[in-house]
Amino acid sequence: MITLHDISYLRLGCRDLDQMVDFGTRILGLELRERTATHAYLRGDNSAFNLCYIQGDERYDASAFEVPALADLAQAEQELSALGIAVQHGDEAACEERRVDAFISFTDPNDNRIELVYRPHVTGVRYFPSRDAGITEFGHFGLHSRDIERDLAFWTEVMSARVSDRIGDGALLRIDEVHHKIALFSSDTTGVQHVNFQVASIDDVMRAWYFLQEQGVPIVFGPGRHPTSTAIFIYFLGPDNRVYEYSSGVKRITDEAGYVPRHFEMKPSSFCMWGARPNVKEFSE
Ligand SMILES: O=C/C=C/C(C(=O)O)=C(/O)C(=O)O
Ligand SMILES: [Fe+2]
């Protein structure tokens, strides 16, 4: 089994890097940490970056997870190869581009690009937000799945994720005490389905609600509260048409041995206990 220590970063292709830097800083409230002609590194905590927008193919994305030890990369390669999954090694330039000491990459059974990284760089410099969105950390991300049972088997048997809750076919997966850091949603495509940043409180979610409306940002779900993780949330669209989420108050599962996942019915009330209706394809009946 491949132990995932934490989520690390997302690499997101885009057509217009300036537009994504503007959105990431002025709207999302991330800090622009570094920028080259083709790459923009943004963060909401003290990591070197959480999101890297890359000028070029807007359909490109990759999600990265940290493994605890360098030896885990070799072990992971062995396990993936045994399953017939091709593994690539990051060379020095690719490691530098990702601000990590070492990494391997592969595609999961859904053709999602996944990177396993060793020693993602963190900074000793406090995250300095470009607007006071109240971000506390990079929270989680959703992945598309064209075959949930197949992908769930991969994430829970090959990787170390555990099911916290299911909603219809969808699955919320934890890799530590946080209720979920990965979410799989039934879909007809591949890649990242939504990007979540945790904010400090309900005040930040509600402030975002007014702010996003004023800025003309399309809100696609919420404000509301997830009955699954109990988090209060708001979802909105970036200019890249990706779904972004702020949420606050995600529950922790501390009774690892005794916890049994729940299975929520595929109804809007399983996504929001206040009555908000999702305008997100993968969350709809
Ligand atoms: O119901 C879908 C989403 C649930 C949650 C949650 O329980 O917090 C998410 O954050 C999500 O996966 O978007
Ligand atoms: Fe989410």
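Keep in mind it's a predicted model, so treat the numbers as computed, not measured.

A closer look at the domain arrangement of the protein chain
Here the protein chain is described as being made up of domain 1 (6–120) and domain 2 (135–283). Taken over C-alpha atoms, the centre of domain 1 sits 20 Å from the centre of domain 2. Regarding the contact of domain 1 and domain 2, the summed buried area is about 2,900 Å², with carbon and sulfur atoms giving 68% of it. Among the salt bridges present, the one from Arg 146 reaches Asp 111, with a minimum N-O distance of 2.9 Å. Where domain 1 meets domain 2, there are 18 residue pairs in polar contact (both at pLDDT 80 or more).

Brief notes about the coordination of the iron ion (ligand 2)
Note on metal sites: the ideal angle is 109.5 degrees for four tetrahedral donors, and 90 or 180 degrees for six octahedral donors. Donor atoms from the polypeptide that bind the iron ion (ligand 2) are His 140 (NE2), His 194 (NE2) and Glu 245 (OE), placed at 2.0 to 2.2 Å. Of note, the iron ion (ligand 2) draws all its donor residues from one chain, in the sequence arrangement H-x53-H-x50-E. One end of the pair, His 140, is in strand β9 (residues 135–145); the other, Glu 245, is in strand β16 (residues 243–248), and 105 residues separate them in sequence. Since its relative accessible area comes to 3%, His 140 is described here as buried. For Glu 245, a relative accessible area of 1% corresponds to the buried category.

Here is what the cut-offs are and how they apply
Residues numbered from 1 in each chain as written. Chains lettered and ligands numbered in written order. Predicted model: local features only at pLDDT ≥ 70, side-chain atom pairs only at ≥ 80, totals over all residues. Heavy atoms only, no water. Domains from an automatic or database assignment. Buried area = accessible area lost by both parts, 1.4 Å probe. Salt bridge = Lys/Arg side-chain N within 4 Å of Asp/Glu carboxyl O. Polar contact = N/O pair within 3.5 Å; in protein donor to acceptor, adjacent residues only side chain to side chain. Donors = N, O, S within 2.8 Å, 3.2 Å for Na, K, Ca; no water. Helix = DSSP H or I, 4+ residues; strand = E, 2+ residues; numbered from the N terminus. Buried < 20%, exposed > 50% of the residue type's maximum accessible area, 1.4 Å probe, protein only.

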